[in-house]
Amino acid sequence: MEKREYRVPGMHCPNCKIWLEGLEDDLPGILQIYASYHQQILRIEFDDHLVSESEIIRAANDLGYQLLAE
Amino acid sequence: MIDYLAAFITGLTTGGLSCLAVQGGLLTSSIARQLENDTRQLIIKNAGNGKRSASKLQSGPLQNKRSAMAILLFLSAKLIAYTLVGFLLGALGSVFQLTPILQGAFHILLGVFMVGNALRMLNVHPIFRYFTFEPPRSLTRFIRRTARTSQSEFSTPIILGLLTVFIPCGVTQTVMALAMAAGNPVQGALLLFAFTLGTSPIFFVLAYLFTSLGAKLERGFMLITAALILFLGIISLDTGLNLVGSPVSVSRLFGPESVEQARMDLFVDRAVIQIAVENSRYSPNVVYAQAGVPIRLELVTDNTQSCTRAFTIPSLDIAEILPKTGVVSIDIPPQRAGRLGFTCSMGMYSGEIIFQ
């Protein structure tokens, strides 16, 4: 199990939270996901046997968000 | 029946514009949110097609339809809420009036919220992000999963529409008073229904033009919206400040001043000052008077149509609806040295009496 926290400077309104947290429906192996517009962060816990970090970053990219390592 | 027709026509003419001035902020911020969503979705769609550029956004008929839908929902919610209020007012049939102070506090809150949001949209400082609420996760998950199945998510305009009952404009307040005077829930409900229905067309047309135009202006539109919300927020703050009787308000900083001294009148044994109540101001709006001496305000209306007719002195709890044409005297007991603010019930026009 892996834990990551990213800065997401592209979040421009609270609804971005909804889109980003929607990753848990798009990807397998997401155990916990939390996004905050106020803090501009994404916190994620995932099972690295089912999904890789690069897959997560790519999926977020497809939604229009760039994830930057803390 | 005549009453309902009159209420409808009042709404159609003066009511629509006056209400738009007061409640437009709520609607524009709701539509702004809607557009932020739409923009976001379009970016995602474009990204999915391999087109990342946000500049390729277009206002399709779908987007216009959605804006129209949002406005319609806002107006429907408003209509329902006001009809209910009319029902309650009729049922109460007794005095139900937000005190000017409470109303002022509400306007100040709304103003701060709107200004904060405008600054957030303009990306002035991260702190302004806190002017929007982050919905709890369980709710966002629910919304997301509903949205994925059903497409539409219009709860914001509905809630905002319902909220407008807390900020009625001057004309609406008059109709509310009528509903209360009717002393019958059904009549009260019908009166406010007819009036609010009357206000809807102008609201819809202006708001729709605004959004479909805005969608074409793309990013610039966000700036315009932010500027507009900022402007309306400042008006709301100003209204609130006037209503709570604050010595400082934006309109008085920039507005023209006319100063006069209240003069002793031996016949009534108090100082008397005549104030002309015009459509867009009180003249004079600064009155000097002697402390410790009772004064009488003679409020003169001459075919006055605007909300200046709803004259209030918040700190003394004086509220008087003036006739269209006529003179109404208001006696003010002796005051200590200091200032006493007066304003119209909407806080749009104001003035002060300075006791020395």
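Keep in mind it's a predicted model, so treat the numbers as computed, not measured.

What counts and how
Residues numbered from 1 in each chain as written. Chains lettered and ligands numbered in written order. Predicted model: local features only at pLDDT ≥ 70, side-chain atom pairs only at ≥ 80, totals over all residues. Heavy atoms only, no water. Helix = DSSP H or I, 4+ residues; strand = E, 2+ residues; numbered from the N terminus. Buried < 20%, exposed > 50% of the residue type's maximum accessible area, 1.4 Å probe, protein only. Contact = heavy atoms within 4.5 Å. Areas by Shrake-Rupley, 256 points an atom, 1.4 Å probe, with all protein chains shown as cover. Disulfide = S-S within 2.5 Å. Arc of directions from axis to C-beta. Pairing = 2+ DSSP bridges. Core = buried A, V, L, I, M, F, W, Y, C linked by side-chain atoms within 4.5 Å. Axes fitted to C-alpha atoms, helices over the stretch in contact; angles between N-to-C directions. Lys, Arg positive; Asp, Glu negative; His and termini not counted. Salt bridge = Lys/Arg side-chain N within 4 Å of Asp/Glu carboxyl O. Phe/Tyr/Trp six-rings, centres within 6.5 Å; stacked < 30°, edge-to-face > 60°. Lys NZ or Arg CZ within 6 Å of the ring centre and 35° of its normal.

### Brief notes about the overall build of chain B
So, point 1. When helices and strands are counted, chain B shows 9 helices and 11 strands.
So, point 2. Burial status across chain B gives 47% buried among its 356 residues.
So, point 3. In chain B, the share of contacts with a sequence separation of at least 24, taken over all contacts with a separation of at least 6, comes to 73%.
So, point 4. Just so you have it, chain B exposes about 17600 Å², and 67% of that area is on carbon and sulfur atoms.

### Regarding the state of the cysteines
Any covalent bond linking the sulfur atoms of two cysteines counts as a disulfide.
So, point 1. All told, the structure shown has 0 disulfides over all chains when counted by the stated rule.
So, point 2. Cys307 of chain B carries a free sulfur, and the closest cysteine sulfur to it, the one in Cys344 of chain B, is 3.5 Å from it.

### Let's talk about helix α3 (residues 53-63) of chain A
It helps to recall that an α-helix has 3.6 residues per turn; residues three or four apart then point in one direction.
Residue and element names in this part refer to chain A.
So, point 1. Listed as buried for α3 are Ile56, Ala59, Ala60 and Leu63. For α3, the angular spread of the buried residues around the axis is 100 degrees, confining them to a single face.
So, point 2. In the segment just after α3, Gly64 is the residue with positive phi, at about 100 degrees.

### Observations concerning the environment of Ala35 of chain A
So, point 1. Summarising the element assignment, Ala35 of chain A is placed in strand β2 (residues 30-36).
So, point 2. The spatial distance from the C-alpha of Ala35 of chain A to the C-alpha of Ile18 of chain A is 8.1 Å, given a sequence separation of 17 residues.

### Regarding the pairing of β2 of chain A
Regular strands show a simple pattern: their side chains alternate between the two faces of the sheet.
All names here are of chain A.
So, point 1. Relative to strand β3 (residues 41-46), β2 is paired through 6 bridges, and the arrangement is antiparallel. What sits directly across from Ile33, in β3, is Ile44.
So, point 2. The antiparallel pairing of β2 with β3 creates a hairpin that spans 4 residues between the two strands, and Gln40 there sits at a positive phi of about 60 degrees.

### A closer look at the nonpolar core
All names here are of chain B.
So, point 1. Among the nonpolar cores identified, the biggest contains 25 residues, and Leu297, Phe311 and Ile353 are the most heavily contacted of them.
So, point 2. Top contributing element to this core by residue count: strand β3 (residues 270-277), with 4 residues.
So, point 3. What Phe311 contacts, discounting residues up to four positions off in sequence, is Tyr282, Leu297, Leu299, Ile318, Ala319, Glu320, Leu322, Ile330, Phe342 and Thr343.

### Comments concerning the sheet that holds strand β1 (residues 259-261) of chain B
By way of backbone hydrogen bonds, the strands of a sheet pair with one another, either parallel or antiparallel.
Residue and element names in this part refer to chain B.
So, point 1. Taking strand neighbours across the sheet as the criterion, the 6 strands line up as β1-β5-β11-β10-β7-β8 in an open arrangement whose pairing is mixed. This sheet does not close on itself; its edge strands, each paired only once, are β1 and β8 (318-321). Averaged over all adjacent pairs, the angle separating strand axes in this sheet is 20 degrees, with direction ignored.
So, point 2. Judged from the 3 bridges that link them, β1 and strand β5 (residues 286-289) form a sheet pairing that is parallel. Directly across from Glu260, in β5, lies its bridge partner Val287.

### Quick look at the side chain of Glu45 of chain A
Residue and element names in this part refer to chain A.
So, point 1. By the secondary structure assignment, Glu45 is in strand β3.
So, point 2. Although Glu45 lies buried, it forms no salt bridge, and the closest oppositely charged side chain, Lys3, sits 4.3 Å away as judged by the N-O distance.
So, point 3. Contacts of Glu45, omitting those with residues within four sequence positions, involve Met1, Glu2, Lys3, Gly29, Ile30, Leu31 and Gln32.

### Here we look at the packing of aromatic side chains
So, point 1. Taken as a whole and assessed by the stated rule, the structure comprises 3 aromatic pairs over all chains.
So, point 2. Ring geometry for Tyr282 of chain B against Phe311 of chain B: centres 5.6 Å apart, planes inclined by 85 degrees, an arrangement best described as edge-to-face. Linking Tyr282 of chain B in strand β4 (residues 282-283) with Phe311 of chain B in strand β7 (residues 310-313), this pair joins segments that are 29 residues apart in sequence.
So, point 3. The residue whose ring lies beneath Arg129 of chain B is Tyr37 of chain A, and the NZ or CZ to ring-centre distance is 6.0 Å.

These results come straight from atomic positions and should not be treated as a statement about function.
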